[in-house]
Amino acid sequence: MNASLKNRLKRTALLALIGLGIGALIAAIQILQETKQGTPSTVAGIAIGGPFNLTDQAGKTVTEKDFAGKTLLMYFGFTSCPAICPTELSKIVAVLKALGPDGDGITPVFVTVDPARDTVDVIKSYVAQFHPRLIGLTGTQEQIDVILKNYRIYAARVDTPEMSDYTMDHSSFIYFIGPDGALRGIYRAQDDAQIIAHDVEKFLKKLR
Ligand code: NI
């Protein structure tokens, strides 16, 4: 077995473990319908969220306080991702569209896992391709490390000799976060926009 294959298997095993952890988390959320006010939201001993300090596509500082009282659809990825990230961001846009006027009350957020390449300018032109209200967040590697840890996102740089530049392995989940900062849903690649829109609609009805 060569070194690169070995590394790939290691990463696959690691991603599988993280996937299992998230699976258990989804189950826990389904059981625990009500979460107390405030962040981080604790679901069966698993905390998601917490303070962060990042920069948006306009160069403005954004912290968790800027999202207080907002309902979010949040995704972590990187702008040079060939397929998964654009697909998931397009899915968020499809959810907003499916929600009609209710979609205007949802804040879509993209956080980079690759701050070295995803500068403010790169993020700016990237998010503009998807939605006028999509907030793109970047920061220093240290700032990004904080939010990745608190939101339980796995991300790792991958170098392969056959590619001119590196790529990123990362977990791909759409987080649905309520105005109290509590995690209300986690969606994977196989969950389509209709499923997410249905959940969000149901949640918004309960808030009224
Ligand atoms: Ni990606």
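Residues numbered from 1 in each chain as written. Predicted model: local features only at pLDDT ≥ 70, side-chain atom pairs only at ≥ 80, totals over all residues. Heavy atoms only, no water.

1. Some thoughts on the nonpolar core
Counting 51 residues, the largest nonpolar core has L73, M74, F76, V111, L137, Y151 and Y175 as the members making the most contacts within it. In terms of residue count, the dominant contributor to this core is helix α5 (residues 193-207) (six residues). Beyond its immediate stretch of four places on either side in the chain, V111 contacts L54, M74, Y75, F76, G77, L137, I144 and I147. (Core = buried A, V, L, I, M, F, W, Y, C linked by side-chain atoms within 4.5 Å. Buried < 20%, exposed > 50% of the residue type's maximum accessible area, 1.4 Å probe, protein only. Helix = DSSP H or I, 4+ residues; strand = E, 2+ residues; numbered from the N terminus. Contact = heavy atoms within 4.5 Å.)

2. A closer look at the sheet that holds strand β3 (residues 53-56)
Read from one edge of the open sheet, seven strands run β4-β3-β7-β6-β5-β10-β11, paired in mixed fashion. Each end of this open sheet is capped by a strand with a single partner; those strands are β4 (61-63) and β11 (183-187). Along the sheet, successive strands turn relative to each other by an average axial angle of 30°, direction set aside. Two strands pair when backbone bridges link them, and strand β6 (residues 106-112) and strand β7 (residues 135-138) are joined in this way by three bridges, in the parallel orientation. (Pairing = 2+ DSSP bridges. Axes fitted to C-alpha atoms, helices over the stretch in contact; angles between N-to-C directions.)

3. Examining the coordination of the nickel ion
Taken together, the protein donors to the nickel ion comprise C81 (SG), C85 (SG) and H170 (NE2), at separations of 2.1 to 2.3 Å. Of note, the nickel ion draws all its donor residues from one chain, in the sequence arrangement C-x3-C-x84-H. Separated by 85 residues along the polypeptide, C85 in helix α2 (residues 84-98) and H170 in strand β9 (residues 167-170) bring together distant segments of the chain. Accessibility expressed as a relative area gives 0% for C85, which makes it buried. (Donors = N, O, S within 2.8 Å, 3.2 Å for Na, K, Ca; no water.)

4. Description of the side chain of D56
Along the chain, the position of D56 falls in strand β3. The buried charged residue D56 lacks any salt bridge partner; its closest oppositely charged side chain belongs to K60, at an N-O distance of 4.2 Å. A distance of 2.9 Å separates a polar atom in the side chain of D56 from the backbone nitrogen of A58. D56 has contacts with V62, V120, I135, G136 and L137, leaving out every residue within four places of it along the chain. (Lys, Arg positive; Asp, Glu negative; His and termini not counted. Salt bridge = Lys/Arg side-chain N within 4 Å of Asp/Glu carboxyl O. Polar contact = N/O pair within 3.5 Å; in protein donor to acceptor, adjacent residues only side chain to side chain.)

5. Notes on the confidence of the model for the protein
Here the protein averages 86 in pLDDT, while 77% of its residues score no lower than 70. In this model, residues 30-45 is a region of pLDDT below 50 whose contacts with residues beyond four sequence positions or in other chains number 30 contacts. (pLDDT = per-residue confidence, 0-100.)

6. Quick look at the packing of aromatic side chains
Counted under the stated rule, the structure contains eight aromatic pairs. Aromatic side chains F52 and F67 sit 6.0 Å apart centroid to centroid with 50° between the ring planes, which places their arrangement in the tilted category. Taken together, the positions of F52 in the loop between β2 (46-48) and β3 and F67 in the loop between β4 and β5 (71-77) put the pair 15 residues apart, joining distant regions of the chain. Classification of F52 as buried rests on a relative accessible area of 5%. Residue F67 is classed as buried on the basis of its relative accessible area, which comes to 9%. Ring centres of F76 and Y175 lie 6.2 Å apart, and the angle between their planes is 75°; on these two criteria the pair is classed as edge-to-face. Taken together, the residues F76 in strand β5 and Y175 in strand β10 (residues 174-177) connect sequence positions 99 residues apart. Taking the relative accessible area as the measure of exposure, Y175 reaches 0% and is therefore buried. Put simply, the rings of F52, F67, F76, Y151 and Y175 pair up and form one aromatic cluster. (Phe/Tyr/Trp six-rings, centres within 6.5 Å; stacked < 30°, edge-to-face > 60°.)

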